[in-house]
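# Summary of structural features
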Amino acid sequence: QVQLVESGGGLVQAGGSLRLSCAASGRTFSSYGMGWFRQAPGKEREFVAAISYSGGTTYLIDSVKGRFTISRDNAKNTVYLQMNSLKPEDTAVYYCAADGTTWGRRRVNEYDYWGQGTQVTVSS
C-alpha cells in the first residue's frame, strides 16, 4: 500500500513558476514508476509526465516540454514537478500517481495509487 500526498499548488500569474511535491509513504517508493497527471474543469484527466525508478529517465508531453521538469528523491520518498513559464491553459488539479508494474505508462487506469490532488491556477 502506498499513500501519496501532493502539495505546492496555488495561484500564480502567467509566466510564473510553481514546484509541486508528492510525498509517498512506505519503504518501497523506489520500486514504483511515478507519474503526474492533471485534470482541468470539464475535461478528462490527462497524463503530464513520468519518471523511472532511479529518476534517470523522464518523459513529458509535448505541451510542457521545456517548461516542466519531473524529478524524484528516493531518499525522501518524494517526486517533484517543477513548472516554469506557466500558462493559463496549465490550470488544473494536478495528481501524482504510482505504478507498481513499470514506468512511463500514460493511462489513468494503469496506475495503482493516487494522491488527492493539488489545485494549480494560472491567471492571465
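Structural data are supplied above this passage.
Below: a short report on this structure. (Residues numbered from 1 in each chain as written. Predicted model: local features only at pLDDT ≥ 70, side-chain atom pairs only at ≥ 80, totals over all residues. Heavy atoms only, no water.)

Check the secondary structure of the chain and you find zero helices and eleven strands. Secondary structure elements of the chain, listed N to C terminal, follow the sequence β-β-β-β-β-β-β-β-β-β-β. On C-alpha atoms alone, the chain measures out to a radius of gyration of 13 Å, which is about the 14 Å that the 2.2 N^0.38 rule sets for 124 residues. For the chain, the spread of C-alpha atoms along the principal axes amounts to about 40 × 25 × 25 Å. Within the chain, the proportion of its 124 residues that are buried is 44%. Per element, the accessible surface of the chain, about 6,300 Å² overall, is 44% carbon and sulfur. Between the averaged position of the 13 positive side-chain charges in the chain and that of its 10 negative side-chain charges there is a distance of 3 Å. (Helix = DSSP H or I, 4+ residues; strand = E, 2+ residues; numbered from the N terminus. Rg over C-alpha atoms; globule rule 2.2 N^0.38 Å. Buried < 20%, exposed > 50% of the residue type's maximum accessible area, 1.4 Å probe, protein only. Areas by Shrake-Rupley, 256 points an atom, 1.4 Å probe, with all protein chains shown as cover. Lys, Arg positive; Asp, Glu negative; His and termini not counted. Charge placed at Lys NZ, Arg CZ, Asp CG, Glu CD.)

Next up on the list: the sheet that holds strand 1 (residues 4–7). Spatial strand order, 1-3-8-7: four strands in an open sheet with antiparallel pairing. The strands lining the two open edges of the sheet, one partner per strand, are strand 1 and strand 7 (68–73). Adjacent strand axes in the sheet meet at a mean angle of 15°, parallel and antiparallel pairs treated alike. As paired strands, strand 7 and strand 8 (residues 78–83) are joined by six bridges and run antiparallel to one another. Across the sheet, Phe-68 pairs through a bridge with Met-83, a residue of strand 8. (Pairing = 2+ DSSP bridges. Axes fitted to C-alpha atoms, helices over the stretch in contact; angles between N-to-C directions.)

Structurally, Arg-107 is set in the loop between strand 9 (92–99) and strand 10 (113–114). Residue Arg-107 is classed as exposed on the basis of its relative accessible area, which comes to 58%. Along the chain, Arg-107 and Glu-46 lie 61 residues apart, while their C-alpha atoms are 8.0 Å from each other.

Everything listed here is a matter of geometry and, on its own, says nothing about what the molecule does.
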